[in-house]
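Residue strings, one per chain:
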Amino acid sequence: MTFWNSFDTAGSDGMTAAVIKIKGANGDEIHAYTARPEGRGPFPGIVLVHHMPGWDELYREFTRRFAQHGYNTICPDLHCRAGHGKPDDVSAKVRADGGVADAQVVDDLVAGAKWLRAQPTSTGKVGVIGTCSAGRHAMVAAAKTKDWSAVADLWGGGVVMEAKDLNPKRPVAPIDMTKDVSAPVLGLFGNDDQSPTPAQVDQHEAELKRHGKTYEFYRYDGAGHGFFYYNRPSFRAEQAADGWEKVFAFFAKHLS
Amino acid sequence: MCTNIATKTKITGSAKSGEGWNRVDEATIGYDHATHTWVEHTVRLDFWDSRRPDADHIAVELDLASGRALLQRLEEVLDAAEHSGREVTTAP
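Residues numbered from 1 in each chain as written. Chains lettered and ligands numbered in written order. Predicted model: local features only at pLDDT ≥ 70, side-chain atom pairs only at ≥ 80, totals over all residues. Heavy atoms only, no water.

**Q** Break down the overall build of chain B for me, with residues and values.
**A** Check the secondary structure of chain B and you find one helix and four strands. Going from N to C terminus, chain B has its helices and strands arranged as β-β-β-β-α. Dimensions of chain B along its principal axes, counting C-alpha atoms only, are 45 × 30 × 25 Å. When each of the 92 residues of chain B is scored for burial, the buried share is 30%. A separation threshold of at least 6 residues defines the contact pool for chain B, and within that pool the share at least 24 residues apart is 29%. For chain B, the exposed area adds up to about 6400 Å²; of that, 56% sits on carbon and sulfur atoms. In chain B, which carries 10 positive and 16 negative side-chain charges, the distance between the mean positions of the two groups comes to 4 Å. (Helix = DSSP H or I, 4+ residues; strand = E, 2+ residues; numbered from the N terminus. Buried < 20%, exposed > 50% of the residue type's maximum accessible area, 1.4 Å probe, protein only. Contact = heavy atoms within 4.5 Å. Areas by Shrake-Rupley, 256 points an atom, 1.4 Å probe, with all protein chains shown as cover. Lys, Arg positive; Asp, Glu negative; His and termini not counted. Charge placed at Lys NZ, Arg CZ, Asp CG, Glu CD.)

This is the structure:
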């Protein structure tokens with residue numbers, strides 16, 4: 001089945017998309033961008049983890065894209081506590097402070113999952129997906145809680161970490177949490193990427209196999225980091241088109 | 001990839017943006033994903049006024065070679081300034 005362009009032109013295809021507030025980690029009120037298809041559904045849910053460049057326009061488009069394809073979707077603002085402004089101004093502050101703590105991210109994502117399950121159109125199943133640093137966060141969330149029926153790690157650098165790179169915000173390498181991963185995993189990686197390198201992806205895959213985890217990894221020649229980002233030089237059209245099909249096929253399989 | 005390469009320092013000075021001149025008292029220097037420059041990663045220079053955390057900050061991003069060139073020229077200017085015989089003043 002092809003997912004792109006698969007809608008019926010007779011349908012009304014509406015959605016509700018808006019910024020809402022949820023109670024995240026530590027009871028903090030944080031913003032989240034949501035998009036929900038119109039109709040009674042029921043619809044599975046997706047928590048979208050945004051990348052380090054910010055809670056940005058790309059992620060708003062991704063949120064709406066998932067809703068377009070029949071998912072209640074929420075993208076929590078993981079940088080909310082740094083204040084508001086243009087996404088790159090906010091993310092610059094977060095970057096200057098060494099990023100956001102893994103534990104806080106997990107709790108914010110779980111808050112997103114809780115919101116999805118509370119929707120009257122929810123099937124109860126929730127997936128989590130992120131790109132870049134957010135792919136890594138998706139793997140941490142998959143190990144730390146059992147809220148997920150599917151997890152997608154798109155080129156997440158830092159799943160494999162050296163001891164010298166551990167710090168109070170990132171105290172444990174996600175690869176060392178693999179035994180606790182509680183959902184099937186989709187991984188998409190560019191073979192020209194430098195973080196994760198192909199060797200690190202090999203390590204990640206070996207660890208998933210060692211622990212008997214259900215996973216699918218797809219590795220693309222001619223692509224590096226961020227190959228879905230059509231607004232950046234990293235964009236690779238053919239690989240991104242195939243990657244999106246893989247994402248939708250994976251969620252259709254595990255969230256239906 | 002996200003490099004997590006970033007450091008910051010207190011500074012005393014001013015920066016000019018579309019709003020005009022404003023005080024800045026903090027700078028971050030990093031190397032990470034580019035926002036606007038059409039390369040993967042850039043040296044990132046961000047200047048802030050800590051009294052206005054929600055204001056737009058002043059940002060510059062440079063490719064690595066430009067970062068090196070800027071650093072070299074900056075060191076030349078600083079050396080010249082410190083050996084110029086002129087009184088070194090610190091802004092209040």
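**Q** Requested: an account of the packing of aromatic side chains, with residues and values cited.
**A** Given two aromatic rings, one states the distance between the centres and the angle between the planes to describe the pair. Residues and elements named next belong to chain A. Counted according to the given criterion, the structure contains 18 aromatic pairs over all chains. Here the aromatic rings of Phe-66 and Tyr-71 are separated by 6.3 Å at their centres, their planes lie at 85°, and the arrangement is edge-to-face. Across the pair, Tyr-71 and Phe-66 agree in class, each one buried. The residue whose ring lies beneath Arg-65 is Trp-244, and the NZ or CZ to ring-centre distance is 4.5 Å. (Phe/Tyr/Trp six-rings, centres within 6.5 Å; stacked < 30°, edge-to-face > 60°. Lys NZ or Arg CZ within 6 Å of the ring centre and 35° of its normal.)

**Q** Can you lay out helix α5 (residues 198-210) of chain A for me, pointing to particular residues and giving the numbers?
**A** Residues and elements named next belong to chain A. For α5, which comprises 13 residues, the first-to-last C-alpha distance of 18 Å matches the rise-based estimate of 18 Å (1.5 Å per residue) to within 8%. Against the buried residues of α5 lie α4 (133-144), β6 (150-154), β7 (185-190) and β8 (215-220). Directly beyond the C-terminal end of α5, a positive phi value near 65° is found at Gly-212. (Expected span 1.5 Å × (residues − 1).)

**Q** Kindly report on the interface of chain A and chain B, identifying the contributing residues and their values.
**A** Each partner contributes residues to the interface: chain A has 22 residues there, and chain B has 22 residues. Roughly 1900 Å² is buried in total at the junction of chain A and chain B, and carbon and sulfur atoms are behind 54% of that figure. In terms of surface lost to chain B, no three residues of chain A exceed A:Asp89, A:Arg95 and A:Arg232, which account for 30% of the buried area on that side. Taken together, the links from chain A to chain B amount to two salt bridges. B:Asp32 is the salt-bridge partner of A:Arg95, the closest N and O atoms lying 3.8 Å from each other. The element that contributes the greatest number of residues to the side of chain A that touches chain B is helix α2 (residues 87-96) of chain A, accounting for six residues. Of the residues in the side of chain A that touches chain B, the class split is six nonpolar, eight polar and eight charged. (Buried area = accessible area lost by both parts, 1.4 Å probe. Salt bridge = Lys/Arg side-chain N within 4 Å of Asp/Glu carboxyl O. Nonpolar A, V, L, I, M, F, W, Y, C, P; charged D, E, K, R; others polar.)

**Q** Lay out the layout of surface pockets with the relevant residues and their values.
**A** The space that makes up the largest pocket amounts to roughly 700 Å³. Looking at the largest pocket, it is lined by 32 residues, and the ones nearest its centre are A:Gly158, A:Arg170, B:Cys2, B:Thr3 and B:Asn4. No other element matches the three residues that α4(A) contributes to the lining of the largest pocket. Approximately 470 Å³ is the volume found for the second largest pocket. As for the second largest pocket, its lining consists of 24 residues, of which A:Pro53, A:Asp56, A:Asn231, A:Arg232 and B:Thr35 are closest to the centre. (1 Å grid on protein atoms, 1.4 Å probe; cavity = no way out; pocket = protein on both sides within 12 Å on 5 of 7 lines; lining within 4 Å. Points joined across faces, edges and corners; volume = space filled by probe spheres on them.)

**Q** How would you summarise the sheet that holds strand β2 (residues 29-37) of chain A if you had to cite specific residues and measurements?
**A** Sheet strands pair by backbone hydrogen bonding; their relative direction is either parallel or antiparallel. Residue and element names in this part refer to chain A. Strand order in the open sheet made by the eight strands is β1-β2-β4-β3-β5-β6-β7-β8, with mixed pairing throughout. The open sheet has two edge strands with one neighbour each: β1 (15-23) and β8. Adjacent strand axes in the sheet meet at a mean angle of 20°, parallel and antiparallel pairs treated alike. (Pairing = 2+ DSSP bridges. Axes fitted to C-alpha atoms, helices over the stretch in contact; angles between N-to-C directions.)

**Q** Now, about the sheet that holds strand β4 (residues 58-62) of chain B: what can you tell me, with residues and values included?
**A** Read across the open sheet, the four strands follow the order β1-β2-β3-β4 (chain B); overall the sheet is antiparallel. Both outer strands of the open sheet, β1 (5-17) and β4 of chain B, are each paired with one neighbouring strand and no more. The sheet shows a mean angle of 25° between the axes of neighbouring strands, taken without regard to direction. Looking at chain direction, β1(B) and strand β2 (residues 20-33) of chain B are connected through 11 bridges and run antiparallel. In the strand pairing of β2(B), B:Lys16 is matched with B:Trp21. Along the sheet, α2(A) makes contact with β1, β2 and β3 (41-48) of chain B, crossing β3(B) at roughly 95°. Strands in contact with helix α1 (residues 64-82) of chain B are β2, β3 and β4 of chain B; relative to β4(B), the strand with the most contacts, it is inclined by about 110°.

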